[in-house]
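Coordinate inspection notes
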Amino acid sequence: MQFDVDVVVLSDIEKAVPPAVECLVGLPTKDPWSLPFLHKKLFLDRLNLYDLFIYSEDDILITEENIRAFLDVKSFLKENEIAGFLRVEYGPDGERNFPEAHGHFRWDCESVTVRGRYTLAHFTNEHSACYILTQQQLAKAIASGGFLVAPHEGEYDLLCSAATDPYTQCGFRKFIAISHIEKFWVHHLPNKYIGHFGVDQHELGSQISALLQIASREQRPCPLLNTESSLWHKMYSKDFYEPIRNDVLSLIPKSAVRILSIGSASGASELRLLEMGKRVVAVPLDDVISSKSAARGLQMVSGDFDTARAKIASMRFDCILFLNVLQFVHRPEHLLRLFVDSLAPGGAVLITTPNRPYVRYRWRRKDGGGLHYRRLSFETTGIHNTSTSVIRSWCVESGLTMERTLKVASPRTNGSKQNRLSSLFAPDVVVLARRLDNLNEYKGSKKNDRNASEPV
């Protein structure tokens, strides 16, 4: 690099390092995962000695191009904004994987902005295992009171919290220059998440193209609803990249051809239905996460719930899907009632939710240093404590009757020891329901679909 760089290695034990490298040994607490927090006092002590401060885990390659790109874009940012990075991994054939895109993490479509030659957007996963701050930004972070704090975890674990505190606790917002994305990705050298989680370059490119299109509009589209819980580590937030749920899709009556999906994300299950010859219409969570499935032929009806309902007013569907959506709506029975009128005679509604997430949350947090919520409610957590009885009450209030109820395992952890135990407690609830005023007509015209009565 053409910079004057000092390197300090943080370690819990003495290590042999090159003569020009300093090794700082110690732990903030007895927990080895607290080690990353050691860099904060180091930055404070040397605040007046450097123009830039770079924190990085030991497996991230930060190049001179990354640093120069950071320096260039910062002149276009506001005082409370910081340029950030995305990790990239490379497979054996050169394919790229972006591990930050997983779970509930997504691009904030409302954040897209154009500053000079840069188009920027906020990605909700603020962890990239590194960050860069100018001397002025570091001073502001320290003055905020959120930087020099004890090791902690909340939305992120200990390791990730140390790398995200400037954004999550110090009043800054992280923006990524999507118009120059290759200068703002950093190589995660182990390449260990390929095939486990993350998106490839084609999917990332599709999302960025959608963001660039949004940037050209006068109005920024709003997401359909908030699907993040406020529980510790964002437990039970909606998985935007949920794999195909064949166990759930098998419950759709064979006779159902016209399918409506409410709250579609990346669209894996909806695309599978297209491959099966179904005609599928989706109301997406936002226009960015749904861009790839839209390009593959999935018909999208964007807008808020009322707007989407008006757009499909003349359509009738054989089945409506609410896959992990209703638990995030304040009045789920109202949402059900809004769309059940679009059911054709004999049509069905398929609902999936987590099974009693409050109970499971308390169980998982019992050894985690105390609960963050003494009183768990939708108002404090952003998610309902769903169960079969809760869903039944929603159905009754919206004119539906439950025909079939199943409890199934989560698709992300199948085969693990933890999941075999968890499956005893049924992580997910699946409900097949029908309109009461269509039920007699349905029973008189068709027999119950055998496929819908098979156990999962």
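Whatever comes next refers back to the structure up there.
Quick look at the structure, then. (Residues numbered from 1 in each chain as written. Predicted model: local features only at pLDDT ≥ 70, side-chain atom pairs only at ≥ 80, totals over all residues. Heavy atoms only, no water.)

Here's the deal with the environment of Arg68
Rules: Put simply, DSSP marks the helices as runs of H or I at least four residues long and the strands as runs of E at least two long, and each gets a number from the N terminus on. By definition, residues are in contact when any of their heavy atoms lie within 4.5 Å.
Relative to the helices and strands, Arg68 is located in helix H2 (residues 64-73). Residues in contact with Arg68, not counting those within four places in the same chain, are Gln2 and Phe3.

Describing the side chain of Gln327
Definition in use: A 3.5 Å cut-off defines polar contacts: any pair of N or O atoms within that distance qualifies, except that in protein one atom must be a possible hydrogen donor and the other a possible acceptor, and neighbouring residues in sequence count only when both atoms are side-chain atoms.
Here Gln327 lies in the loop between strand S17 (317-323) and helix H10 (332-340). A polar contact of 3.3 Å, which involves the side chain of Gln327, links it to the side chain of Asn324. In contact with Gln327, not counting residues within four places along its chain, are Thr352, Thr353, Pro354, Phe378, Gly382, Ile383, His384, Thr386 and Trp394.

Comments concerning the pattern of salt bridges
Stated precisely, the cut-off is as follows: We define a salt bridge as a side-chain nitrogen of Lys or Arg found within 4 Å of a carboxyl oxygen belonging to Asp or Glu.
Under the defined criterion, the tally for this structure stands at 20 salt bridges. Among the ionic pairs, Glu22 bridges to Arg46, the shortest N-O distance being 2.9 Å. Here Arg46 lies in the loop between helix H1 (38-45) and strand S3 (52-56) and Glu22 lies in strand S2 (residues 21-25), a separation of 24 residues in the sequence.

Quick word on the state of the cysteines
As used in these notes, a disulfide is a covalent bond between sulfur atoms, one from each of two cysteines. Put simply, the rule is: In what follows, a disulfide is any cysteine sulfur pair within 2.5 Å.
For the structure shown, the criterion picks out zero disulfides. In this structure Cys130 is not part of a disulfide, and its nearest cysteine sulfur, from Cys160, lies 12 Å away.

Concerning the pairing of S3
Here is the rule we go by: Each residue is placed in one exposure class: buried if its accessible area under a 1.4 Å probe, protein chains only, is under 20% of its type's maximum, exposed if it is over 50%, and partly exposed if it falls in between. By the convention used here, strands pair only if DSSP detects at least 2 bridges between them.
Residue alternation in S3 divides its side chains into a buried set, Phe53 and Tyr55, and an unburied set, Leu52, Ile54 and Ser56. Here S3 pairs with strand S10 (residues 130-134) via five bridges, running antiparallel. Bridged to Tyr55 within S10 is Tyr131.

Observations concerning a nonpolar patch on the surface
Quick note on the threshold: Within the patch definition used here, like charges are joined within 9 Å and nonpolar side chains (Val, Leu, Ile, Met, Phe, Trp, Tyr) within 5 Å, considering only residues with over 30% relative accessible area and no salt bridge. Areas reported here follow the Shrake-Rupley algorithm with a probe of radius 1.4 Å; residue values treat only the protein chains shown as occluding.
Taken together, the side chains of Met1, Val5 and Val7 present a nonpolar region at the surface, about 270 Å² in accessible area. Inspection of the secondary structure puts Met1 in the segment before strand S1 (7-11). On the basis of relative accessible area, Met1 is assigned to the exposed category, the value being 53%.

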